[in-house]
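Chain and residue survey
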Amino acid sequence: MLNTVIVGTQWGDEGKGKIVDLLSLHVDYVVRFQGGNNAGHTMVINGKKIISHLIPSGIIQNKKCFIGNGVVVDPIVLLEEINYFIKNKIDVSPARMKISNKCHMIMPYHKLIDKAREIKKGKNKIGTTGRGIGPCYEDKAARRGIRFADLLEPELFIEKLTEIIEEKNLYLKNYFHTNTIDAKSVINEFLTIKEQLIPYIDDVSVILYNGINKGKKILFEGAQGTHLDIEHGTYPFVTSSSTASANAACGSGLGPNKLEQILGIVKAYTTRVGSGPFPTELFDETGEKLQEKGIEFGATTGRQRRCGWLDMVMLRNAVRINGLTGLVLTKLDVLDGLDEIKICNNYKYKDKIIQEFPSSIETLENCTPIYESYQGWNDDISKIREYNELPEPAKKYIKIIEKLSQVQVKIISLGADRKATIIREDFFPKTKS
Ligand code: GDP
Ligand code: IMO
Ligand code: MG
């Protein structure tokens, strides 16, 4: 298989974990390149469910896995997740997984600030996952973050941490009027766990580059989705990293010429967790049906996901921003039993037709979707494994998505299980693999 980037095209939870697990079989390495444990990637193998927040989803297929420099890592959560995988009899030894020495660490004060800020914002809150993601990326950009490499020099680590905790405590106490951090206990905790972490720390960029030069193939696992991207998403209702495909290169320490195929994962309808505009959101029975049938609860926070029709204005935005070379359509089975299926192809804004996703949040909030209506199907498609066996209206739905996005649907997912998938004939190209 080509070196492949997997990105979400909507607001996350498109089913990236399932597809990464599925395609991992055809590569040597799997690397996460951005985000942190705000992600929740679900894999179901023979009925057994595994959720991964930090460790790349390729670990289940016994592939070498890497956490690239673009990821922010909560060391405590990482150790918990390592134990969770060990309990599930999955090998996550340092021989199988490496963390970039340049990864920034999510510290206890990041989590406190994330939560306190949301409380202070009240009804204007972003609806973050509360995992400290934003505050950690802030410190990275402000050049005061603590990286995994710092664990290798304990004296310097203690010095840096002491200095930053003093600043954070001032902020927590005087601005948020909340609990402060005890520097000594944080330092002791990190000095205790460092021995467990050190064997995992390495120069991931060098390993990946050397691997590619020896013919190894890589799968780049994106988290969140294009419309949660810090640059291109529905700012400020976004996450704090760049979720776009280009960051697969920078966030893992490789050049963009190593990215050979870019797959956008698109759910057959749209969901969103947290606050922010959502033009095709449904507040009726159909929305409830999608939520119930799709079991749309967040894999990280357990929050109920908001649901709505598929939005092609968003999908075309994702095609352009990510340079998508193919689509993976997931959760098509959730649409079973609907008489009518709608697709939004354009928005209306103040009597004008809008074809491109607006950059302004105020404009987006005032856009109404213009729908095209298609016939649904009554069949249970979840057991189908051949494209030709899909009911005609389902095939038509796929063709319309291809026509309106100008990108081919290469994989169709019809259930949570790894096996509930149709991979189309031309997916594995004869060249370059
Ligand atoms: P991710 O964050 O993009 O990896 O997606 P999540 O794991 O957060 O959410 C996707 C949910 O849908 C998970 O519960 C998956 O098990 C499930 N899922 C994935 N693909 C399909 C599918 O084709 N059909 C159905 N019914 N469920 C799916
Ligand atoms: P996966 O990888 C869905 C959302 C949060 C919130 C916003 C900012 O599973 O698709 P953050 O904690 O990142 O500062 O929260 O982003 N969010 C996600 N929504 N799936 C995710 O990841 C998400 N990660 C963050 O709900 O609205
Ligand atoms: Mg998820």
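Residues numbered from 1 in each chain as written. Chains lettered and ligands numbered in written order. Predicted model: local features only at pLDDT ≥ 70, side-chain atom pairs only at ≥ 80, totals over all residues. Heavy atoms only, no water.

1. Observations concerning the overall build of the chain
Which entries qualify depends on this criterion: A run of H or I in DSSP counts as a helix once it spans at least four residues, and a run of E counts as a strand once it spans at least two, with each numbered from the N terminus. Only C-alpha atoms enter the radius of gyration; for comparison, a globular chain is expected to reach 2.2 Å times N to the power 0.38, where N is the number of residues. Working definition of accessibility: Shrake-Rupley area with a 1.4 Å probe, residue cover restricted to the visible protein chains. We treat Lys and Arg as the positive residues and Asp and Glu as the negative residues; His and chain ends play no part in the count. To locate a charge, take atom NZ for lysine, CZ for arginine, CG for aspartate or CD for glutamate.
Looking only at helices and strands, one finds 12 helices and 20 strands in the chain. Taking 22 Å as the expected radius of gyration for a compact globule of 433 residues, we find that the chain reaches 22 Å, a close match to that expectation. With the principal axes as the frame, the chain shows a C-alpha extent of 65 × 50 × 35 Å. Within the structure as shown, the chain displays about 18600 Å² of accessible surface, and the carbon and sulfur contribution to it stands at 50%. Mean positive and mean negative side-chain charge positions of the chain (59 and 53 charges, respectively) differ by 2 Å.

2. With respect to the side chain of Gln261
Note the threshold: Every residue pair with non-hydrogen atoms within 4.5 Å of one another is taken to be in contact.
Relative to the elements of secondary structure, Gln261 occurs in strand E11 (residues 261–267). If near-sequence neighbours (up to four positions away) are discounted, Gln261 is found in contact with Met1, Leu2, Asn3, Thr4, Val5, Thr325 and Phe427.

3. Points about the coordination of the magnesium ion (ligand 3)
For clarity, the threshold we go by: Distances decide who is a donor: an N, O or S atom must be within 2.8 Å of the metal, or within 3.2 Å for Na, K and Ca. Water is not included, so sites may look incomplete.
The coordination sphere of the magnesium ion (ligand 3), as far as protein atoms go, consists of Asp13 (OD) and Gly40 (O), spread over 2.0 to 2.3 Å. Here the residue Asp13 occupies a position in the loop between strand E1 (4–8) and helix H1 (16–24), and Gly40 occupies one in the loop between strand E2 (29–32) and strand E3 (41–45), the gap between them amounting to 27 residues.

4. Looking at the domain arrangement of the chain
The following threshold applies: Those domain boundaries reflect an automatic or database domain assignment. Each of two parts loses accessible area, computed with a 1.4 Å probe, when they are put together; buried area is these two losses added. We count a salt bridge whenever a side-chain nitrogen from Lys or Arg sits within 4 Å of a carboxyl oxygen from Asp or Glu.
Under the domain assignment used here, the chain contains domain 1 (4–66 + 203–423) and domain 2 (104–199). Distance between the C-alpha centres of domain 1 and domain 2: 31 Å. With 16 residues of domain 1 at the interface, the matching set in domain 2 holds 11 residues. Roughly 990 Å² is buried in total at the junction of domain 1 and domain 2, and carbon and sulfur atoms are behind 53% of that figure. Broken down residue by residue, the surface that domain 1 buries against domain 2 is led by Asn37, Asn38 and Ser240, which jointly contribute 36%. Summed over the shared surface of domain 1 and domain 2, the result is zero salt bridges.

5. With respect to helix H5 (residues 154–174)
For clarity, the cut-off: By definition here, a helix of n residues has an expected span of 1.5 Å times n minus one. Only protein chains enter the accessibility calculation, which uses a 1.4 Å probe. A residue is then buried if its area is under 20% of the maximum for its type, exposed if over 50%, and partly exposed in between. The arc in question is the one traced by the directions running from the helix axis out to the C-beta atoms.
With 21 residues, H5 should reach 30 Å at 1.5 Å per residue; the first-to-last C-alpha distance of 30 Å fits that figure. Buried residues of H5: Phe157, Leu161, Ile164, Ile165, Lys168, Asn169 and Leu172, and no others. Seen from one end, H5 has its buried residues packed into an arc of 155°, which puts them on one side. Across from the buried face of H5, at angles greater than 90 degrees, the exposed residues are Glu155, Glu159, Glu163, Glu166 and Leu170. Where H5 is buried, its residues contact strand E8 (104–105), helix H3 (108–121), helix H4 (133–141) and helix H6 (183–197).

6. Here we look at the nonpolar core
To keep it simple, the criterion reads: We call a set of buried residues a nonpolar core when its members are Ala, Val, Leu, Ile, Met, Phe, Trp, Tyr or Cys and they connect through side-chain atoms within 4.5 Å of each other.
Counting 57 residues, the largest nonpolar core has Leu23, Leu78, Phe148 and Leu161 as the members making the most contacts within it. Counting contributing residues, this core receives three or more from each of domain 1 (4–66 + 203–423) and domain 2 (104–199). Excluding residues within four positions of it along the chain, Leu78 makes contact with Leu54, Ile55, Ile67, Val73, Met97, Ile99 and Leu197. Formed by 53 residues, the second largest nonpolar core is a distinct cluster that contains Leu208, Ala248, Leu329 and Ile422.

7. Concerning the site of ligand 2
Keep this limit in mind: It suffices for a single heavy atom of a residue to lie within 4 Å of a molecule or strand for the residue to be listed as near it. Here a polar contact is taken to be a pair of N or O atoms separated by no more than 3.5 Å, where protein atoms must pair a possible hydrogen donor with a possible acceptor and residues adjacent in sequence count only if both atoms sit in side chains. When residue character is reported, Ala, Val, Leu, Ile, Met, Phe, Trp, Tyr, Cys and Pro are called nonpolar, Asp, Glu, Lys and Arg charged, and the others, Gly included, polar.
Taken together, 20 residues sit near ligand 2, with Asp13, Lys16, His41, Thr129 and Thr239 positioned nearest. Here an oxygen atom of ligand 2 and a side-chain polar atom of Thr239 are 2.6 Å apart. A per-class count over the shell around ligand 2 returns seven nonpolar, 10 polar and three charged.

8. Comments concerning the pairing of strand E10 (residues 218–221)
Counted only if it meets this: Here, strands pair whenever DSSP counts at least two bridges between them.
Side chains Ile218 and Phe220 of E10 all project onto a buried face; the interleaved residues Leu219 and Glu221 project onto the opposite face, where all are buried too. Where E1 lies against E10, three bridges are found, and the strand directions are parallel. Among the inter-strand pairings, Thr4 is bridged to a residue of E10, identified as Leu219. One ladder, built from four bridges, connects E2 with E10; its direction is parallel. Note that in E10 the partner of Val31 across the bridge is Phe220.

9. Comments concerning the site of ligand 1
Taken together, 18 residues surround ligand 1, and among them Lys16, Gly17, Thr42, Asp333 and Ser413 come closest. The separation between a nitrogen atom of ligand 1 and a polar side-chain atom of Asp333 is 2.8 Å. Summarising the interface, the protein chains cover 91% of the accessible area of ligand 1, which totals 580 Å² for the free molecule. Sorting the residues of the shell around ligand 1 by element identifies H1 and E3 as the ones contributing at least two each. Residue contributions to the shell around ligand 1 peak at three residues, all from H1. Classifying every residue of the shell around ligand 1 by side-chain character gives four nonpolar, seven polar and seven charged.

10. A look at the pattern of salt bridges
Scanning all chains against the criterion turns up 19 salt bridges. The partner of Glu281 in a salt bridge is Arg306, with the nearest N and O atoms 2.9 Å apart. Within this pair, whereas Glu281 is found in the loop between strand E12 (270–272) and helix H9 (285–293), its partner Arg306 is found in strand E13 (residues 306–308), the two being separated by 25 residues in sequence. The exposure class of Glu281 is buried, given its relative accessible area of 15%. On the basis of relative accessible area, Arg306 is assigned to the partly exposed category, the value being 22%. Members of the salt-bridge network, linked through shared partners, are Asp13, Lys267, Glu296, Arg305 and Lys331.

11. Observations regarding the sheet that holds E10
If you walk across this open sheet you meet the 10 strands as E9-E7-E5-E2-E10-E1-E11-E15-E19-E20, and the pairing is mixed. Looking at which strands have only one partner, the edges of the open sheet turn out to be strand E9 (201–202) and strand E20 (421–423). Sheet topology note: the strand E5 (residues 64–67)/strand E7 (residues 97–100) ladder contains three bridges and is parallel. Bridging across to E7, Phe66 finds its partner in Lys98.

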